[in-house]
Amino acid sequence: MRIFDPHIHMTSRTTDDYRAMYDAGVRALVEPSFWLGQPRTSPASFLDYFDSLLGWEPFRAAQHGIAHHCALALNPKEANDPRCTPVLDVLPRHLAKDGVVAVGEIGYDSMTPAEDIALAAQLQLAADHGLPALVHTPHRDKLTGLRRTIDVVRESALAPDRVLLDHLNETTVKEAADSGAWLGFSVYPDTKMDEARTVAILQEYGTGRVLVNSAADWGRSDPLKTRAVADAMLAAGFTDDDVDQVLWRNPVAFYGLSGRLHLDVPTPPDLHEGNSVRRGGE
């Protein structure tokens, strides 16, 4: 079984997670930009973070046989902080780099005017750079947030079929599907979706344009939830081909819209910026 996790925050995860993911079948992933839990205080901290997603994390992933790509953006939560918003002025030069396969996460957190501005601006950046967009739908008042998101997408230069609407659930899936966008489901131990609910949605809506992710980060989350969904699909009567479509071919198709997806894992160099990851050795 081959698995592509289309949304996971490996900056927050350990080397043991990379090992366990590989053993579970994960061979590729996309790491979107997100809020680190501690507020950033300037655009410079974003730029260091972007550099880590373009260098350090691909180095770590390659040591464990996993192809790492990223999506870059000003995330919705920090779009409300005027100390952070100037990063939008320097983001374009990072979006031009190899390894960036989408603009994201963008979207809504609290549905403020500042978030409106950041979302519209970054959808335009995605269109300008020929990239798809990974859109975070809000955790609160989800249906209102989804509808507002769809309206902004329709007003943008980016076609809906180049947009992934993520963190969907039973209340938002129908309108998201009707919009023409790709559908993303984050599977968590306690919150968001679980395996059984995800399988039920697949049974109702089918396996086309659906991406399943772990969205694992610094909170209570599980980087092996993609494999758990795959096993639950098989137990529910889905075929191996169905599983391959949802867990591999769909994310390959969506992020392949960037023209930058490279699934061959490069041989990592011995060092990255002087760091081998090894401890206690030469």
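Refer to the structure above for everything that follows.
Rules of the game
Residues numbered from 1 in each chain as written. Predicted model: local features only at pLDDT ≥ 70, side-chain atom pairs only at ≥ 80, totals over all residues. Heavy atoms only, no water. Helix = DSSP H or I, 4+ residues; strand = E, 2+ residues; numbered from the N terminus. Rg over C-alpha atoms; globule rule 2.2 N^0.38 Å. Contact = heavy atoms within 4.5 Å. Areas by Shrake-Rupley, 256 points an atom, 1.4 Å probe, with all protein chains shown as cover. Lys, Arg positive; Asp, Glu negative; His and termini not counted. Charge placed at Lys NZ, Arg CZ, Asp CG, Glu CD. Buried < 20%, exposed > 50% of the residue type's maximum accessible area, 1.4 Å probe, protein only. Pairing = 2+ DSSP bridges. Axes fitted to C-alpha atoms, helices over the stretch in contact; angles between N-to-C directions. Parallel < 35°, antiparallel > 145°, perpendicular 65-115°, else oblique. Left-handed = near helix turned anticlockwise from the far one by under 90°. Nonpolar A, V, L, I, M, F, W, Y, C, P; charged D, E, K, R; others polar.

Student: Any chance you could explain the overall build of the chain here in plain terms?
Tutor: A tally of helices and strands in the chain yields 10 helices and eight strands. The C-alpha radius of gyration of the chain comes to 18 Å, within 12% of the 19 Å expected for a compact globule of 282 residues. Contacts in the chain between residues far apart in sequence, at least 24 positions, make up 74% of those at least 6 positions apart. Accessible surface, the chain as shown: approximately 11,600 Å² in total, 50% of it carbon and sulfur. Each charge sign in the chain was given a centre, from 27 positive and 40 negative side chains, and these centres are 1 Å apart.

Student: Explain the pairing of strand S3 (residues 67-72) to me, please; I cannot follow it from the model alone.
Tutor: Within a regular beta strand, the side chains point alternately toward one face of the sheet and then the other, so they alternate between its two faces. Counting buried residues in S3 gives six out of six residues, a clear majority hidden from the surface. A two-sided burial pattern is seen for S3, the buried positions comprising Ala67, His69 and Ala71 on one face and His68, Cys70 and Leu72 on the other. One ladder, built from five bridges, connects strand S2 (residues 26-32) with S3; its direction is parallel. Each bridged residue has a counterpart across the sheet, and for Ala28 the counterpart in S3 is Ala67. Note that S3 and strand S4 (residues 100-107) share three bridges and pair parallel. Bridging across to S4, Leu72 finds its partner in Val103.

Student: Would you take a moment to explain the environment of Leu183 for this structure?
Tutor: Tracing the backbone through its elements, the reader meets Leu183 in strand S7 (residues 182-186). A relative accessible area of 4% means that Leu183 is categorised as buried. Separated by 29 residues in the primary sequence, Leu183 and Val212 place their C-alpha atoms 8.5 Å from one another. For Leu183, the contacting residues outside a window of four places in its chain are Leu164, Leu165, Leu168, Val173, Ala176, Ala177, Arg209, Val210 and Leu211.

Student: Can you help me understand the packing of helix H5 (residues 113-129) against helix H6 (residues 142-155) in this one?
Tutor: In a pair of packed helices, the angle between the axes and the distance between the axes together describe the arrangement. Two elements in contact, H5 and H6, have axes separated by 10 Å at closest approach and are oriented at 40 degrees. The orientation of H5 with respect to H6, classified from their angle, is oblique. When the axes of H5 and H6 are compared, the crossing they make is right-handed. Only Arg148, Val152 and Val153 of H6 make contact with H5, whose side of the interface consists of Asp116, Leu119, Ala120 and Leu123. Partitioned by chemical class, the residues of the contact of H5 with H6 number five nonpolar, no polar and two charged.

Student: Even after reading the chapter, I still don't get the sheet that holds strand S6 (residues 163-166), so can you show me in this structure?
Tutor: Backbone hydrogen bonds are what pair the strands of a sheet, in a parallel or an antiparallel way. One open sheet accounts for eight strands, arranged S1-S2-S3-S4-S5-S6-S7-S8; its pairing is parallel. The sheet terminates laterally at strand S1 (3-5) and strand S8 (210-213), the two strands that pair on one side only. This sheet shows a mean twist of 25 degrees between the axes of neighbouring strands, independent of strand direction. With four bridges joining them, strand S5 (residues 133-136) and S6 adopt parallel strand pairing. Among the inter-strand pairings, Val135 is bridged to a residue of S6, identified as Leu165.

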